[in-house]
Amino acid sequence: MEVSRMRQIAQIACAGIGMVALSTPAFAQAAAAGGLNLIDIAQNMSGIAIAVAVVLFVMSFWSVGVAIERVYTYNQARKQSKLYAPQVAKHLKDGRLKEAIALSASKDYRYSHLAKVVLAGLQEYQFQQESGTNLNRDDVLDTVRRSIQRASALTTNDLKKGVNTLATIGSTAPFVGLLGTVVGVINAFVGIASTGSGGIAGVSAGIAEALVETALGLFVAIPAVWFYNYLTSRLEYFGVEMDNSSSELVDYFIKKTA
């Protein structure tokens, strides 16, 4: 990426931080007095600081994209499972195994975690009944349990996609911002060396750069951690639902084969 393009992205990131900062009375007063101009800060950033800002900007977009996609998927899973559960229960209660399998495999419930788990158990049971194997009752139930466990593990792994990325971004973004902070402090000392004095004019640009990088790191990390904790709680709830459904399905087969 060209330096000019990176600088433009850094300016956009700094502008976002500036909007947040200007919402506070202290910063608003400073801006009105002409003492705060984040665009100028971005234009005067060193190459390393610009690269750090770009990395943080990409991490922010990545985390927000993952969070939106997961929230949509989880909402669909919850909605479809809520509709699916009473229908499949009615089919099983009436002994309509094929209809229950067809319902579980329907595209209308492709997001439902319960449908995936129940489908695996129903298909395995149907296979054992139609294949003509001479397995006894306990062996049939064991194969059904293992099939349900495999489906639960695969479904849980599918639901977790991208969630660990939020944890990584939330834990590393402050350190990436800290790298930019260190670079800004170094630039402040370079300003002191170039001016030959420790006045505010010599260090203001470097200190401002350091604080902006720190703010960017926190701006990226805090939402990522929030989303990670929220999605993790949803995952735990889905896990409980799948365990309960698996147990109820096994109980159904135990009664059916009694």
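Whatever comes next refers back to the structure up there.
In this report, we go over the structure that sits alongside the text. In this text, all values refer to a predicted model and were calculated from it rather than measured experimentally.

Quick word on the overall build of the protein chain
Check the secondary structure of the protein chain and you find 9 helices and 0 strands. Along its sequence from the N terminus, the protein chain presents helices and strands in the succession α-α-α-α-α-α-α-α-α. Buried residues in the protein chain amount to 40% of all 258 residues. Restricting to contacts in the protein chain with at least 6 residues of sequence separation, those with at least 24 account for 78%. Surface accessibility of the protein chain: about 14400 Å² in total, with carbon and sulfur atoms responsible for 62%.

Here's the deal with the packing of aromatic side chains
Tallied over the full model, the rule gives 7 aromatic pairs. Aromatic side chains Y237 and F238 sit 6.3 Å apart centroid to centroid with 50 degrees between the ring planes, which places their arrangement in the tilted category. We classify Y237 as partly exposed; its relative accessible area is 44%. Residue F238 is classed as buried on the basis of its relative accessible area of 1%.

Some thoughts on the nonpolar core
One recurring pattern in soluble globular proteins: nonpolar side chains tend to sit buried together. Of all hydrophobic cores here, the largest spans 24 residues; its most connected members are Y84, V88, L92, L122, L249 and F253. Looking at this core, the elements with two or more residues in it are α4 (47-93), α5 (97-104), α6 (113-130), α7 (137-159) and α9 (200-256). With 7 residues, the single largest contributor to this core is α6. Once residues lying within four places of it in the same chain are set aside, the contact partners of L249 are L92, V118, G121, L122 and I148. Residues I169, V212, L216 and A224 belong to the second largest nonpolar core, which totals 12 residues.

What to know about α5
All buried positions along α5 are accounted for by L97, A100, I101, L103 and S104. Projected down its long axis, α5 shows its buried positions confined to an angular sector of 160 degrees, all on one face. Exposed residues on α5 whose side chains face more than 90 degrees from its buried face are K98 and A102. Contacts from the buried residues of α5 go to α4 and α6.

Description of the packing of α5 against α6
Running from N to C, α5 and α6 point in directions that differ by 140 degrees, and their axes come no closer than 9 Å. Here α5 runs over α6; the crossing is left-handed. Each of L97, K98, A100, I101 and S104 in α5 lies in contact with α6, whose residues at this interface are A115, V118, L119, L122, Q123, Y125, Q126 and E130.

Things to note about the pattern of salt bridges
Side-chain pairs of opposite charge can arise where the charged atoms are in close proximity. A full pass over the atoms with the stated rule returns 7 salt bridges. Of the charged contacts, one joins K90 and D94 as a salt bridge, the two residues approaching to 3.5 Å between their closest N and O atoms. A relative accessible area of 52% means that K90 is categorised as exposed. Between D138 and R137 there is a salt bridge, with its nearest N and O atoms 3.9 Å apart. On the accessibility criterion, D138 (48% relative accessible area) is partly exposed.

As for the side chain of T181
Tracing the chain through its elements places T181 in helix α8 (residues 163-195). Its relative accessible area of 15% is what places T181 among the buried residues. The contact partners of T181, leaving out residues within four places of it in the chain, are A210, E213 and T214.

Looking at the environment of A77
Here A77 shows up in helix α4. Sequence-wise, A77 and L159 are 82 residues apart; in three dimensions their C-alpha atoms are separated by 9.5 Å.

Points about α7
A rise of 1.5 Å per residue sets the reference length of α7, with its 23 residues, at 33 Å; its end C-alpha atoms lie 33 Å apart and thus fit the reference within 8%. Turning to α7, its buried residues are V140, L141, T143, V144, S147, I148, A151, S152, T155 and L159. Of the residues that open α7, the one with a side-chain oxygen 3.2 Å from the backbone nitrogen of D138 is N136.

Some points on the environment of E99
Within the secondary structure, E99 sits in helix α5. Taking the relative accessible area as the measure of exposure, E99 reaches 39% and is therefore partly exposed. Residues E99 and V88 lie 11 residues apart in sequence; the distance between their C-alpha atoms is 8.3 Å.

What counts and how
- Residues numbered from 1 in each chain as written.
- Predicted model: local features only at pLDDT ≥ 70, side-chain atom pairs only at ≥ 80, totals over all residues.
- Heavy atoms only, no water.
- Helix = DSSP H or I, 4+ residues; strand = E, 2+ residues; numbered from the N terminus.
- Buried < 20%, exposed > 50% of the residue type's maximum accessible area, 1.4 Å probe, protein only.
- Contact = heavy atoms within 4.5 Å.
- Areas by Shrake-Rupley, 256 points an atom, 1.4 Å probe, with all protein chains shown as cover.
- Phe/Tyr/Trp six-rings, centres within 6.5 Å; stacked < 30°, edge-to-face > 60°.
- Core = buried A, V, L, I, M, F, W, Y, C linked by side-chain atoms within 4.5 Å.
- Arc of directions from axis to C-beta.
- Axes fitted to C-alpha atoms, helices over the stretch in contact; angles between N-to-C directions.
- Left-handed = near helix turned anticlockwise from the far one by under 90°.
- Salt bridge = Lys/Arg side-chain N within 4 Å of Asp/Glu carboxyl O.
- Expected span 1.5 Å × (residues − 1).
- Polar contact = N/O pair within 3.5 Å; in protein donor to acceptor, adjacent residues only side chain to side chain.

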